Every structure is written in structure tokens, then in C-alpha cells.
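An overview of the molecular structure
Each chain, letter by letter, is given below.
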Amino acid sequence: MRPSDPAAPAFVQLAAHPLRWKLLTELAASDYRVRELVERVGQPQNLVSYHLRLLRGGGLVTASRSSFDARDSYYHLDLERCAHALAHAGSALHPALGFAPAPQPPSTWPWPERRPTVLFTCTGNSARSPIAEALLRHHTDGRVEVASAGSHPKPRIHSDAVRVLREQHGIDISGQRPRHLDTLIGRRFDYVISLCDKVREVCPDFGDQVRLVHWSIPDPAAAAGPGLIGHPAFVRTAAGIDTRIRYLLPLLIPTPQEVQP
């Protein structure tokens, strides 16, 4: 390479390594702990940890302590950042190769004959999982069958969860009540998505065909105080869940390109 030649974009340099690409692929589907990634990619832990550090240094992957076991950390792929990095890499090659990341699907997109079914879980079913349930139902106009439940449901939905959905999305869940995971045993789900590290460890078995996904999201009620002090934590949590749901949609529904003959 001549000294004047431009270097490949940072995303290309990071993602081009076979093991890092495999780690990105695994984390695109779910949040995982190091030992789980070691099993999934079939490489030694020290090597996996080294490449995770590089991906974290490049801003593509973040890590957070597990609320179930603080000695563990969950790794999360920032799909929004990846989308922008891919767009930048495409534009660097040719201006026509840039693209807009993760558009929401239009209502005119085709839908499967059988509605996809999704279950969101967390411990109390009072904040994270009902927010996710409401947002997925909202974005798909009810064309995905969605439910939420908890391993230790609270008496009522948290008032700040009700407030943030009403203020930010025009959704009213004030009449909803938390329910126990056991009430849904026997129902068929295509996806069971845990939003809490604790509930992931105790979630019932929903069958061999279900796809299990984990989103390691801190409890906004535990991280914040009451009233006006706590509300910003719920705003951040709802925004983070909304981003994840926008990237879940293409897995649940076909895009126009996918259904063209």
C-alpha cells in the first residue's frame, strides 16, 4: 500500500477479523456472558476476552455487570452504532453505497399469515417488560402477538413506566396489571426475550422451538429515586428498549425485498 492510500474505515478493520466477526454475529442476536461466547465460538477464553476488548475499544460492544451475579458481565452489541459505521464504510468506498440505518417498516409491508408471537420477561413485570410489550405492539400495529410476564410480579405497573409511554409514544398501559410467568406456561412463542439478568436464570421452559434472546437492561426503578428524580431513568430505559425493538422487527416480518419473486 502506498503511504498516500487511505486506510480502511475503523469498522472494516475491526469486523474483518474472523473471530471478531463471529463475536459480532453472536452478539447481534442476544447479549451474552464471556463464558457463553467462549462456548458459542469455540475459542479459548483469553482469546475471546482479548477480541472483546478490541470491540469495546472501537465502541461497537459494551459490557455491564450482571444483576444476577455481579462477578459476571453481559456483552451487548450496539446495533445503532454498527448501522452508522456500516453506512460510513459504504460511503468511504463510494458515495452511492451509504444507506439509512434501520428504518421502521411501513404499514404496507407484507406480513406472515400466522402472527409471530413474542414474550418479554423481567422480574417484576412492572417496568421493562411491559414497556417492551407496549412498544412492540405499537410499532407493529398489533400484527405481532405479544405478551409480558414476570417471575415475581409486582402489585402494579410502575407509574413512571405508564408516564413515559404516555408522554413519549402516546401509549396508555394504565389499565394493565403485572402477571406471573407461570400463567403463560403451555402457550407457544416464537421468541422469549428476557430483559432482566435474574429472570433469565429462572424462566420456565417454553419448548424446543422457541428462540431465546437476552437483553441485559438494568431496572430503572432500582437505579432511580421516586417521582421527578426517577423519571429520567425510565426515559433512558424506554429509549433503549425502543431501539432494540426497531432492530427486532426485521426478524419478525419480511421486508419488501425478501418477498419479491
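Residues numbered from 1 in each chain as written. Predicted model: local features only at pLDDT ≥ 70, side-chain atom pairs only at ≥ 80, totals over all residues. Heavy atoms only, no water.

Following the criterion strictly, the structure yields 16 salt bridges and no others. Residue Arg 35 pairs with Asp 72 through a salt bridge whose shortest N-O separation is 2.7 Å. Note that Arg 35 is positioned in helix α3 (residues 34–41) and Asp 72 in the loop between β2 (61–65) and β3 (73–77), a separation of 37 residues in sequence. Linking Arg 246 and Glu 80 is a salt bridge whose minimum nitrogen-to-oxygen distance equals 3.3 Å. Pair noted here: Arg 246 is in helix α10 (residues 227–252) and Glu 80 is in helix α5 (residues 79–93), with a separation of 166 residues, a long-range link. Ionic contacts of the salt-bridge type, sharing partners, join the residues Arg 33, Arg 35, Glu 36, Asp 72, Arg 200 and Glu 201 into one network. (Salt bridge = Lys/Arg side-chain N within 4 Å of Asp/Glu carboxyl O. Helix = DSSP H or I, 4+ residues; strand = E, 2+ residues; numbered from the N terminus.)

Let us look at the sheet that holds strand β7 (residues 211–214). As summarised here, the arrangement of the four strands in space is β5-β4-β6-β7, forming an open sheet in which the pairing is parallel. Each end of this open sheet is capped by a strand with a single partner; those strands are β5 (145–150) and β7. Here the strands of the sheet are splayed against their neighbours by 20° on average, with no regard to which way each runs. By the bridge criterion, four bridges tie strand β6 (residues 191–194) to β7 in an arrangement that is parallel. Looking at β7, one finds that Tyr 191 is bridged to Arg 211. (Pairing = 2+ DSSP bridges. Axes fitted to C-alpha atoms, helices over the stretch in contact; angles between N-to-C directions.)

To continue, consider the sheet that holds strand β1 (residues 32–33). The strand order β1-β3-β2 describes an open sheet built from three strands, whose pairing is antiparallel. Two strands in the sheet have a free side with no partner beyond their single neighbour: β1 and β2. With five bridges joining them, β2 and β3 adopt antiparallel strand pairing. Among the inter-strand pairings, Ala 63 is bridged to a residue of β3, identified as Tyr 75. With respect to the sheet, helix α2 (residues 18–29) is in contact with β1, β2 and β3, its orientation differing from that of β3 by roughly 95°. (Contact = heavy atoms within 4.5 Å.)

Now for the nonpolar core. Residues Phe 120, Leu 136, Ile 193 and Trp 215 are the most contacted members of the largest nonpolar core, which totals 31 residues. Within the residue set of this core, elements represented by two or more residues are β4 (117–122), α6 (128–139), α7 (159–169), β6 and α10. In terms of residues, this core owes the most to one element, α10, which gives seven residues. Apart from residues lying up to four places away in sequence, Leu 136 is in contact with Val 118, Phe 120, Val 144, Val 146, Ile 245, Leu 248, Leu 249 and Leu 252. Counting 21 residues, the second-largest nonpolar core is a separate cluster that includes Leu 24, Leu 27, Val 38 and Leu 55. (Core = buried A, V, L, I, M, F, W, Y, C linked by side-chain atoms within 4.5 Å. Buried < 20%, exposed > 50% of the residue type's maximum accessible area, 1.4 Å probe, protein only.)

Turning to the side chain of Arg 20, a few remarks are in order. Along the polypeptide, Arg 20 turns up in helix α2. Glu 26 provides the closest opposite charge to the buried, unpaired Arg 20, separated from it by 16 Å. (Lys, Arg positive; Asp, Glu negative; His and termini not counted.)

Purely spatial values, then, with no claim about function.
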